[in-house]
Amino acid sequence: MTVVDAHIHQWDPLSTPREFSSLAKLFRYVPVPIDWAKRVAPRRDREFVGDPAPFVQPYLPAQYRDDAGDVPVEAIVHIEVEWSGRGPLAPVAETRWVASLPFGVDTPALGAIIGAGDPSAPDFAELLDAHRAASPLFRGIRTRVEYHPDPAVRAHNKAPGRLTDPRFLDGFAALAERGLSFEAWVYSGQLPEVTALAGRYPDATIVLNHLATPAGIFGPVGKHTGRNPGQRRELFLRWRDDIAELATHANVVAKVSGLMMPILGHPVPPRGRPTPVPVLLERISPMVGHALEVFGADRLIWGSNFPVDKPITSIGNAAEAVATALTAHGADEKALEQVFRLNAQRVYGVTGL
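Keep in mind that this is a model prediction, so the values were computed, not measured.

Draft legend 1. Seen up close, the sheet that holds strand β6 (residues 206-208). Taken in spatial order, the 8 strands make up an open sheet running β1-β2-β3-β4-β5-β6-β7-β8, and their pairing is parallel. Lying at the two open borders of the sheet, with one neighbouring strand each, are β1 (3-8) and β8 (300-302). Strand-to-strand twist in this sheet, taken as the mean axis angle between neighbours without regard to direction, amounts to 25°. Where β6 and strand β7 (residues 252-256) come together, 3 bridges link them in parallel fashion. Pairing of Val207 across the sheet is with Val253, part of β7. Against the sheet, helix α7 (residues 166-177) contacts β4 (138-142), β5 (181-184) and β6, and its axis sits at roughly 135° relative to β5. Where helix α11 (residues 315-328) meets the sheet, its contacts fall on β7 and β8, and the angle it forms with β8 comes to roughly 155°.

Draft legend 2. Main features of the pairing of β1. Among the 6 residues in β1, 6 count as buried, and that is most of the element. Bridge count between β1 and strand β2 (residues 73-79): 4 bridges; the pairing is parallel. By the bridge assignment, Asp5 is partnered in β2 with Ile76.

Draft legend 3. Summary view of the pattern of salt bridges. The final tally for this structure, using the stated rule, is 18 salt bridges. In this structure, the salt-bridge partner of Arg142 is Glu80, at a minimum N-O distance of 3.0 Å. Residue Arg142 is located in strand β4, and its partner Glu80 is located in the loop between β2 and α5 (92-99); the two are separated by 62 residues in the primary sequence. By the burial criterion, Arg142 is buried, and Glu80 matches it. Here Lys255 makes a salt bridge to Glu183, at a shortest N to O gap of 2.9 Å. In this pair, Lys255 sits in strand β7 while Glu183 sits in strand β5, placing the two residues 72 residues apart along the sequence. Here the two residues Lys255 and Glu183 agree in accessibility, since each one is buried.

Draft legend 4. Main features of the packing of aromatic side chains. Tallied over the full model, the rule gives 10 aromatic pairs. Arranged with centres 5.2 Å apart and planes meeting at 25°, the rings of Trp11 and Phe55 form a pair that is stacked. Placement of the pair is Trp11 in the loop between β1 and α1 (21-29) and Phe55 in the loop between α3 (43-49) and α4 (61-68), with a sequence separation of 44 residues. Pair check on accessibility: Trp11 and Phe55 agree, each one buried. Relative to Trp239, the ring of Phe236 lies with its centre 5.7 Å away and its plane at 35°, an arrangement referred to as tilted. Of this pair, Phe236 and Trp239 both sit in helix α9 (residues 229-247), 3 residues apart, which is roughly one turn of the helix. Each member of the pair, Phe236 as well as Trp239, is classed as buried. By way of ring pairs, the aromatic residues Phe168, Phe172, Phe182 and Tyr201 are connected into one cluster. Positioned over the ring face of Phe48 is Arg154, at 5.1 Å from the centre of the ring.

Draft legend 5. Representation of unusual backbone geometry. Along the chain, Phe306 connects to Pro307 via a cis peptide bond; the corresponding omega equals 5°. In this fold, Pro307 is placed in the loop between β8 and α11. Not every positive phi belongs to a glycine, and Thr213 is a case in point at roughly 40°. Within the secondary structure, Thr213 is located in the loop between β6 and α9. For Thr213, a relative accessible area of 0% translates into the label buried. Within the chain, Asn305 stands out as a residue other than glycine whose phi angle is a positive 55°. Examined against the element boundaries, Asn305 turns out to sit in the loop between β8 and α11.

Draft legend 6. A look at the nonpolar core. By size, the foremost hydrophobic cluster in this structure holds 97 residues, and its most contacted members are Phe172, Phe182, Leu197, Ile206, Leu300, Leu326 and Phe340. It is helix α10 (residues 277-295) that contributes the most residues to this core, 8 residues altogether. For Leu326, the residues in contact, after removing those within four places along its chain, are Val288, Leu292, Leu300, Ala331, Leu336, Val339 and Phe340. Core analysis: the second largest hydrophobic core is formed by 14 residues, Ala6, Ala112, Ala344 and Val350 among them.

Draft legend 7. α9, seen in detail. The end-to-end C-alpha separation of α9 is 27 Å, in line with the 27 Å expected for 19 residues at 1.5 Å each. All of the buried residues along α9 are Arg232, Leu235, Phe236, Trp239, Asp242, Ile243, Leu246 and Ala247. For α9, the angular spread of buried residues about the axis comes to 145°, placing them on one side. Buried residues along α9 sit against α8 (191-200), β6, β7 and α10. The backbone nitrogen of Gly230 lies 3.0 Å from a side-chain oxygen of the residue at the head of α9, namely Asn228.

Procedures and definitions
Residues numbered from 1 in each chain as written. Predicted model: local features only at pLDDT ≥ 70, side-chain atom pairs only at ≥ 80, totals over all residues. Heavy atoms only, no water. Pairing = 2+ DSSP bridges. Helix = DSSP H or I, 4+ residues; strand = E, 2+ residues; numbered from the N terminus. Axes fitted to C-alpha atoms, helices over the stretch in contact; angles between N-to-C directions. Contact = heavy atoms within 4.5 Å. Buried < 20%, exposed > 50% of the residue type's maximum accessible area, 1.4 Å probe, protein only. Salt bridge = Lys/Arg side-chain N within 4 Å of Asp/Glu carboxyl O. Phe/Tyr/Trp six-rings, centres within 6.5 Å; stacked < 30°, edge-to-face > 60°. Lys NZ or Arg CZ within 6 Å of the ring centre and 35° of its normal. Core = buried A, V, L, I, M, F, W, Y, C linked by side-chain atoms within 4.5 Å. Expected span 1.5 Å × (residues − 1). Arc of directions from axis to C-beta. Polar contact = N/O pair within 3.5 Å; in protein donor to acceptor, adjacent residues only side chain to side chain.

As structure tokens, then:
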């Protein structure tokens, strides 16, 4: 069975404007070891990235191919990541740049592009049309809406409610009218906001990223998140109930991705020694099993979230852990094919494979 990896990031912080380009250039020109960043970076950044090395180096089709190894990835979906150009149409440059990368030669094909965009911006409709003009593979947008009540957990927003802001909701109509999808990367406490959005726009496809990233569910992060087993159990129970409510909306699909992000509380292993599959499986199996129960195999999509998950795991180990967890909770071969290929093809319009 071939695979569509529905969530990867491509970047070159040395030649394109990324939020982390300054740090990348510093390590290129100043002869200091990369591990220095672990000591001087803010704690919230250290806990989020785990290891800064993947963020300060180019990550392009050849690097992804090497990381995929023996996983038979046929196509990928690129998800926007921290392009920091100026002007209301600046995110279009990332879509154009990704479309120009050498995919499909000795690397997997580029199946779809998710660009950046903010529905609350006055030029949002114009931005969507510019994204579509930049590449026929453009399928939707992701907006930086993540918020966490623990100020020491890295998040873009300082206050909750971004998804329910009237300007955001009004602008979202332009996305729905064009048949484009919305990637919702949120922390788990924001799940009710995603549910409200799905109810407001039942004809819009909403893709929940990373099962809503319950920060600290596997170990302590921030100042007061996941500090003990009782807190982590409470976090799981709330996540379980809120994601079940979201799943009642048929226009929502969920990505079984990002489950190895360091911010979940995974201990970061030595570089080059990915966490063993049995250890990953013990951690993620309850989440994967619940997601399968409430969404069904026809509304789950796998993605590696590379290179963000690279400090914790390999693509092969991540895929094996998710597939094993799904099987343990009743998924058969047909269900695995849906999660690892068919659903991504349907949701993102990945054709020609």
